[in-house]
Amino acid sequence: MRRRHRTLLLVCAVAAIGGDRERGINLFEQGRFAEAAAAFQAALAAEPDSVELQWNLALASFRAGDLATAESAVEAFGARDPNAPERHLGLLGAIRMQQSDLSRLRAEQALAAPPAAAVDGDEPEEPLPLLERALQQAAQAQRYFVR
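First things first, this report covers the structure right here in the doc. If you're wondering where the values come from, they're calculated on a predicted model, not measured in any experiment.

**A few points about the packing of aromatic side chains**
No. 1: By the definition in use, this model includes two aromatic pairs.
No. 2: Note on Phe28 and Phe33: the rings are 5.0 Å apart at their centroids and 70 degrees apart in plane angle, and the pair reads as edge-to-face.
No. 3: Under the relative-accessibility criterion, Phe28 is labelled partly exposed at 25%.
No. 4: Take Phe33: its relative accessible area is 15%, and that puts it in the buried class.
No. 5: For the ring pair Trp55 and Phe77, a centre distance of 4.8 Å and an interplane angle of 45 degrees mean the geometry is tilted. Note that Trp55 is positioned in helix α3 (residues 51-64) and Phe77 in helix α4 (residues 67-80), a separation of 22 residues in sequence.
No. 6: Trp55 sits in the buried class, given a relative accessible area of 13%.

Right under this line is the structure:
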């Protein structure tokens, strides 16, 4: 009887350790990227040095559109795993490209908005700095892809 309890405790302990990691993988496979990212972040709290979890968090965050978290996670991945720079730089390039697209879209919206479109006294965004940022981000993306 005592042996069964030890086995059950061991099984429960293993399930608890892999819980957030496995849940994140399952959520990612279901296309529930924001939830997967949250699960990977929870798993990272228990395993802060896990290269695999940093990569999973970066991918899930990128797919969820959370580019800031994706960038932080991929940078942490690159710092922890110097043997895989291609993946690191490739994802950074994809993040910069998406940021460039978002900056360009914001510039187009600023151009299309009437001049009196300020809300609550906020000044409307100027399209030229947004376009310049989009070009800088696209150039960064290209440098990452080339490297």
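Now that the structure has been shown, the text picks up again.
**A closer look at the packing of helix α2 (residues 33-46) against α3**
No. 1: The geometry of α2 relative to α3 is characterised by a closest axis approach of 8 Å and an angle of 155 degrees between their N-to-C directions. As summarised for this structure, α2 and α3 are arranged roughly antiparallel, according to the angle between their axes. Note that α2 runs across α3; the crossing there is left-handed. Taken together, the residues of α3 that come into contact with α2 (itself represented by Phe33, Ala34, Ala36, Ala37, Phe40, Gln41, Ala43 and Leu44) are Leu53, Gln54, Asn56, Leu57, Ala60, Ser61, Arg63 and Ala64.
No. 2: Here the contact of α2 with α3 is built from residues that sort into 11 nonpolar, four polar and one charged.

Thresholds applied
- Residues numbered from 1 in each chain as written.
- Predicted model: local features only at pLDDT ≥ 70, side-chain atom pairs only at ≥ 80, totals over all residues.
- Heavy atoms only, no water.
- Phe/Tyr/Trp six-rings, centres within 6.5 Å; stacked < 30°, edge-to-face > 60°.
- Buried < 20%, exposed > 50% of the residue type's maximum accessible area, 1.4 Å probe, protein only.
- Helix = DSSP H or I, 4+ residues; strand = E, 2+ residues; numbered from the N terminus.
- Axes fitted to C-alpha atoms, helices over the stretch in contact; angles between N-to-C directions.
- Parallel < 35°, antiparallel > 145°, perpendicular 65-115°, else oblique.
- Left-handed = near helix turned anticlockwise from the far one by under 90°.
- Contact = heavy atoms within 4.5 Å.
- Nonpolar A, V, L, I, M, F, W, Y, C, P; charged D, E, K, R; others polar.

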